[in-house]
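# Structural overview for review
The chain contents come next:
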Amino acid sequence: MEKPIDELEPQWRAILNQAWFLIRRDWALKFKVAQEQRIQACIEEFRGYCRHIRQEQLQGRKGSIGYITYSMLRTTWLEERPAYLVEVSDALWMLDPQPIRFEWNTSWAYSYWTDLQRQLRREVEKQQVSLSELEWEQVMLEAAVHIHALVVNVVRSAMKQAVYLSEFQELEREETFEIRVGEYMDHSVSVYREDRRVMEANEIRSWLEEKEEHAYSYQALTQVHLSDGDYSLLDFRYTAFRRIRMEHSRLHGCVLVGTVWQESELNGIDLTYSLLHGANFSGCSMKGAILDVVMGNAGYGSDASLDWEPLGFSSVDFTGASLQGARFHDAQLRGAIFQEALLQKASLDGADLTDACFVGANVTGASFKGTCLIGANFTGANVQGVIFTDEQRREAIGLEWSTQVRNIGSKREWLH
């Protein structure tokens, strides 16, 4: 059995942490160039798995599936053969006697492993310490956790699209189904979850009122009425809310990172002070919602954010959402997507909407007083009745036409 890293000299852990600290931003920037390519390759690989699984089901060799698990095989990395074991199992999960197995070649990630190895060697030399071959191997095995965090991000991003593939939808799945990523026979996290069981609102409310720590993240809540409730200060990270009614509910200071709100009714919801990084509200009804002082900036943010998301945070997505009369005072939503959203008479005063997308949105009568709109794109948006400052017009994209119309109008008034 491998000696745990915790039993090694504390200096080795310090060296590893310092190497990771120095290289993580470079990783994020380096990966961004090929991110979409990696995600699409993962989706196509998943499509192939689904076709094979379906054939096994049609031929009676496999019943309904409950789990698809991606497991990192650390020792293969030492052999310069980086791979993940993909196991398809029934409701028994790890106790399934006959799982379907695939091997996912993650050789594209090996360069990050070697980058980290070089950085580690530099740190070792700088501190003038020596590592035995065994200790070096153990440190490198521990270092694999940072590459694994990157792969988790890739799979999670890929599954946002892959679960809509016809090949996946045709699979016979248990009422509760999960796709998980972890280490072989060890800890794993859910990157996609379904729960089609009938949910009783009173039971869910009681469960939420217990305010259990770590109980509400990575969950799936479907077709349940949770309006007029107070669910403040709960951690819902990566939970999927499908066809939920949570109108006029209070979610102050919640962790809503990576949440999915599919076809949900959220009119009047109060999300003040909540963390929204990567949350997806596309198509939701959020009339009169309050999103004051929410944090949801896209990108890499501080170095601390790279501990949470090695590839940086995704944009908050409000595509096609109904946000009439919504309030975003002092919200931090750099890179947010409001494409085709309805924002009539919404108030976005004091918000940071740098690089936000308002393409095709209706912002008639909305207020942008003191709002940062550097790089915000209003191409094709309806901005009737909106008062923008000259600075906002210069810094935003797609407001030049409105500026020209205003100038022509002013000139006509002077002539008359």
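Everything numeric in this text was worked out from a predicted model, so none of it was measured.

### With respect to helix 3 (residues 110-126)
Taking 1.5 Å as the rise per residue, helix 3 with 17 residues should run 24 Å; its terminal C-alpha atoms sit 24 Å apart, in good agreement. What helix 3 keeps buried is the set Y110, Y112, W113, D115, L116, Q119, L120, E123 and V124. Remark: Q128 follows helix 3 within two positions and exhibits a positive phi of approximately 50 degrees.

### Section: the pattern of salt bridges
Opposite charge on two side chains lets them pair, provided their charged atoms get close. Applying the stated rule across the entire model yields 22 salt bridges. Residues E56 and R61 are paired through a salt bridge, measuring 2.9 Å at the closest nitrogen-oxygen approach. Close ionic contact of E247 with R245 constitutes a salt bridge, the shortest N to O distance being 2.6 Å. Look at E247 and you get buried, because its relative accessible area is 13%. Under the relative-accessibility criterion, R245 is labelled partly exposed at 39%. Several salt bridges share partner residues, and in doing so they unite E178, R180, R193, D195 and R197 into one network.

### Examining the confidence of the model for the protein chain
With 92% of its residues at a pLDDT of 70 or more, the protein chain shows a mean pLDDT of 88. Across residues 1-8, confidence stays below pLDDT 50; counting only partners more than four residues off in sequence or on other chains, it has 12 contacts. Every residue in residues 402-416 is under pLDDT 50, and counting partners more than four places away or in other chains gives 5 contacts.

### Some thoughts on the sheet that holds strand 6 (residues 220-222)
Strand order in the open sheet formed by 3 strands is 6-7-8, with parallel pairing between adjacent strands. Lying at the two open borders of the sheet, with one neighbouring strand each, are strand 6 and strand 8 (260-262). Along the sheet, successive strands turn relative to each other by an average axial angle of 10 degrees, direction set aside. In this sheet, strand 7 (residues 240-242) lies alongside strand 6 in parallel orientation, the contact comprising 3 bridges. Among the inter-strand pairings, T222 is bridged to a residue of strand 7, identified as R242.

Each value, and the rule that gives it
- Residues numbered from 1 in each chain as written.
- Predicted model: local features only at pLDDT ≥ 70, side-chain atom pairs only at ≥ 80, totals over all residues.
- Heavy atoms only, no water.
- Helix = DSSP H or I, 4+ residues; strand = E, 2+ residues; numbered from the N terminus.
- Expected span 1.5 Å × (residues − 1).
- Buried < 20%, exposed > 50% of the residue type's maximum accessible area, 1.4 Å probe, protein only.
- Salt bridge = Lys/Arg side-chain N within 4 Å of Asp/Glu carboxyl O.
- pLDDT = per-residue confidence, 0-100.
- Contact = heavy atoms within 4.5 Å.
- Pairing = 2+ DSSP bridges.
- Axes fitted to C-alpha atoms, helices over the stretch in contact; angles between N-to-C directions.

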